[in-house]
Amino acid sequence: MDVDSRLLRSFAAVAEEGNLTRAAERLYVSQPALTKQIKQLEQLLGVRLFTRSRAGMALTGPGRALAARTPDVLAAVDTAVRETRSAGRAEARVLRVGFLASAANEATQDIVADFGRRRPGLRVELRQAAWSNPTAGLADGEVDAALLRLPFPGQDTYRVEVLLTEERVAVLPSTHALAGRARLDFRELWDEPFIAAPPTTGPFCDYWLAVEARPADRPVKIGAVTDQPDEWLSAIANGYGVALAPASAARFYARPGVSYVPVDGVAPTSVGVAWAPADDENPVVRDFVRSCLRAVGEGPAGPTGSPTTGP
């Protein structure tokens, strides 16, 4: 009998969360899709894994037996996949780095150049991810490191070094009544429809909607959902809603029909370099982290320095 590791991963999330909604957010999938996966696993094993009630999902006896083994199984699979992919990239002399939107802004080119000096003959392959993949391939082992907007889902399970911090700004259609303002308060946007990242990204989506800066009686109105910067810009320019973005977006994503306005009442955003704890002793990944810190003025000048590896 072959059991797909994807089904085991879904089972583990539900077992740990005890709730389908929270587990679906954690996995970046819809709740109906997750329910279908659990039923598929139960049919495959021929046992009932959960008892369902309004209080949540409780493990049955067979469910507890599977839950006891699943973490080790998944850890072994993840390690095998990561090491295999990493070995393939090492053989090809490539360091694969995932990123979202503008990566580390203007520092990105300096990072790549510094790494090239540390590791002559080794090429950095930058791979842009959609917003529906907020770890930019890090969670799947598709990349060795990633330049990510913080916070991102599962951040506490990775090593992260903060590289830069900047203000968030409001992004408005140029025809909007507030577009000509020098500055505005986030409260002025509470009743506006927002352009959102896919809801399956959970905390990542909520952060860019500034859910934490709203009162409970003023929930977010969603005007459109987009997964790429170009779609996002088009939705704003066409008047489907407003958005929040890093201040640097005004430089990297300037276009007719879209205005960027500084906004008070929301916390700033940061960019960090992230990598898996399993790569703490990987000398190539460590050198890339050093290059990141060097490029933003935080790291040692030479390749002998050691990055901080705290979460």
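These numbers were taken from a predicted model, which means no experiment stands behind them.

This paragraph deals with the overall build of the chain. Across its full length, the chain holds nine helices and 13 strands. Here the C-alpha atoms of the chain give a radius of gyration of 22 Å, agreeing with the 19 Å that 2.2 N^0.38 yields for 311 residues. Its C-alpha atoms put the chain at 65 × 55 × 30 Å along the principal axes. Counting across all 311 residues of the chain, residues that qualify as buried make up 46%. Of all intrachain contacts in the chain linking residues separated by at least 6 positions in sequence, the fraction that spans at least 24 positions is 72%. Summed over all atoms, the accessible surface of the chain reaches about 14900 Å², with 52% contributed by carbon and sulfur. Distance between charge centroids for the chain: 3 Å, based on 35 positive and 37 negative side chains.

Where helix α7 (residues 229-237) is concerned, the buried positions are P229, W232, L233, A235 and I236. Angular distribution of buried residues about the axis of α7 spans 160°; they occupy a single face of the element. Within two residues after α7, G239 carries a phi angle of roughly 85°, on the positive side.

This next bit is on the UniProt feature "domain: HTH lysR-type" (unreviewed entry) in the chain. The positions UniProt marks with the feature "domain: HTH lysR-type" (unreviewed entry) are residues 3-60. Helix makes up 62% of residues 3-60 and strand 14%. Its end C-alpha atoms lie 19 Å apart.

What follows covers unusual backbone geometry. The linkage connecting L150 with the following residue, P151, adopts the cis geometry, with an omega of 0°. A positive phi is found at A101, a non-glycine position, where the angle reads about 50°. Relative to the helices and strands, A101 resides in the loop between β3 (94-100) and α5 (107-118). Its identity as a non-glycine residue notwithstanding, N105 has a phi of 55°, on the positive side.

Of note, V112 is situated in helix α5. Put simply, V112 and D144 are 32 residues apart on the chain and 14 Å apart in space, counted from C-alpha to C-alpha. Sequence-distant contacts of V112, defined by excluding residues within four places in its chain, comprise V124 and L126.

Glancing now at the nonpolar core. Core analysis: the largest hydrophobic core is formed by 49 residues, its most contacted members being L172, F186, W232 and Y260. Contributing elements (two or more residues each) for this core: β5 (145-150), β7 (168-173), β9 (193-196), α6 (203-208), α7, β11 (243-246) and β12 (258-264). Shared between two domains, this core takes at least three residues from each, and those domains are domain 2 (93-164 + 270-304) and domain 3 (168-267). Those residues within four positions of W232 in sequence are excluded, and the remaining contacts are W131, V171, I195, T226, A243, L244, A245 and Y260.

It is worth spelling out the packing of helix α1 (residues 5-17) against helix α3 (residues 31-45) at this point. The contact between α1 and α3 brings their axes to 9 Å, and the two run at 110°. Viewed along their axes, α1 and α3 adopt a mutual orientation that is roughly perpendicular. Crossing hand, α1 versus α3: left-handed. Contacts between α1 and α3 involve R6, L7, S10, F11 and V14 from the first element and L34, Q37, I38, Q40 and L41 from the second. For the contact of α1 with α3, a count of residues per class yields six nonpolar, three polar and one charged.

Within β12, five of the seven residues are buried, which leaves it mostly tucked inside the rest of the structure. Where strand β8 (residues 184-185) and β12 come together, two bridges link them in parallel fashion. When the sheet's bridge partners are listed, L184 is paired in β12 with V263.

A few words on the packing of α5 against helix α9 (residues 283-295). Axis separation between α5 and α9 bottoms out at 8 Å; the angle between their running directions is 135°. Classified by the angle between their axes, α5 and α9 sit oblique to one another. Between α5 and α9 the crossing geometry is right-handed. The residues of α9 that touch α5, namely those facing A107, D110, I111, D114, F115 and R118, are V284, D287, F288, R290, S291, C292, R294 and A295. Of the residues that constitute the contact of α5 with α9, the class distribution is seven nonpolar, one polar and six charged.

Time to look at the environment of F194. Inspection of the secondary structure puts F194 in strand β9. Taking the relative accessible area as the measure of exposure, F194 reaches 0% and is therefore buried. For F194 and D156, which are 38 residues apart along the polypeptide, the C-alpha to C-alpha distance reads 28 Å. Those residues in contact with F194 that lie beyond four places of it in its chain are F186, L189, L209, R214, V220, K221, I222, G223, A224, V242, A243 and L244.

Read across the sheet, four strands follow the order β8-β12-β7-β11 without closing on themselves; strand pairing throughout is mixed. With partners counted over all chains shown, the strands left at the sheet margins are β8 and β11, one partner each. Contacting β7, β11 and β12, α7 crosses the sheet at an angle of about 90° to β12.

For the rest of this paragraph, the subject is the confidence of the model for the chain. Chain-level pLDDT for the chain is 89 on average; 92% of the residues reach the 70-or-more range. Residue range residues 300-311 is modelled with pLDDT below 50. Its contacts to residues more than four positions away, or to other chains, number 32 contacts.

The rules behind each value
Each chain carries its own residue numbering, running from 1 in the direction its sequence is written. Local features in this predicted model are restricted to residues whose pLDDT is 70 or higher, and side-chain atom pairs enter the listing and the counts only when it is 80 or higher, whereas totals over whole chains, interfaces and linings include all residues. To get the side-chain values, take all heavy atoms of the structure and skip hydrogens and water. Comment: elements are numbered from the N terminus, with helices defined as DSSP H or I runs of at least four residues and strands as E runs of at least two. Atoms counted for the radius of gyration: C-alpha only. Globule rule: 2.2 Å times the number of residues to the power 0.38. The cut-offs for exposure are 20% and 50% of the maximum accessible area for each residue type, with area from a 1.4 Å probe on protein chains only; residues under the lower value are buried, those over the upper are exposed, and the others partly exposed. Contact definition: two residues touch when any of their heavy atoms are within 4.5 Å. Per-residue and other accessible areas were derived by the Shrake-Rupley procedure at a 1.4 Å probe size, with only the shown protein chains allowed to occlude residues. In summary, the charge assignment counts Lys and Arg as positive and Asp and Glu as negative, without counting His or the chain termini. Here the site of a charge means atom NZ of a Lys, CZ of an Arg, CG of an Asp or CD of a Glu. The arc refers to the directions leading from the helix axis to the C-beta atoms. UniProt positions are given in the numbering used here, feature names are shortened, and annotations may be inferred rather than shown by experiment. Buried Ala, Val, Leu, Ile, Met, Phe, Trp, Tyr and Cys residues form a nonpolar core when they are joined through side-chain atoms within 4.5 Å. Segment limits for the domains were obtained from an automatic or database-derived domain assignment. Under this scheme, a helix contributes an axis fitted over its contacting stretch, all axes are lines through C-alpha atoms, and angles between N-to-C directions fall in the 0 to 180 degree range. Any angle between 65 and 115 degrees counts as roughly perpendicular, while under 35 counts as roughly parallel, over 145 as roughly antiparallel, and the rest as oblique. Crossing handedness is defined as follows: a turn of the near helix away from the far one that is anticlockwise and smaller than a right angle gives a left-handed crossing, while the clockwise case is right-handed. Under the scheme applied, nonpolar residues are Ala, Val, Leu, Ile, Met, Phe, Trp, Tyr, Cys and Pro; charged residues are Asp, Glu, Lys and Arg; polar residues are all the others, including Gly. When DSSP finds two or more bridges between two strands, those strands count as paired. What pLDDT reports is the predictor's confidence in each residue, on a scale of 0 through 100.

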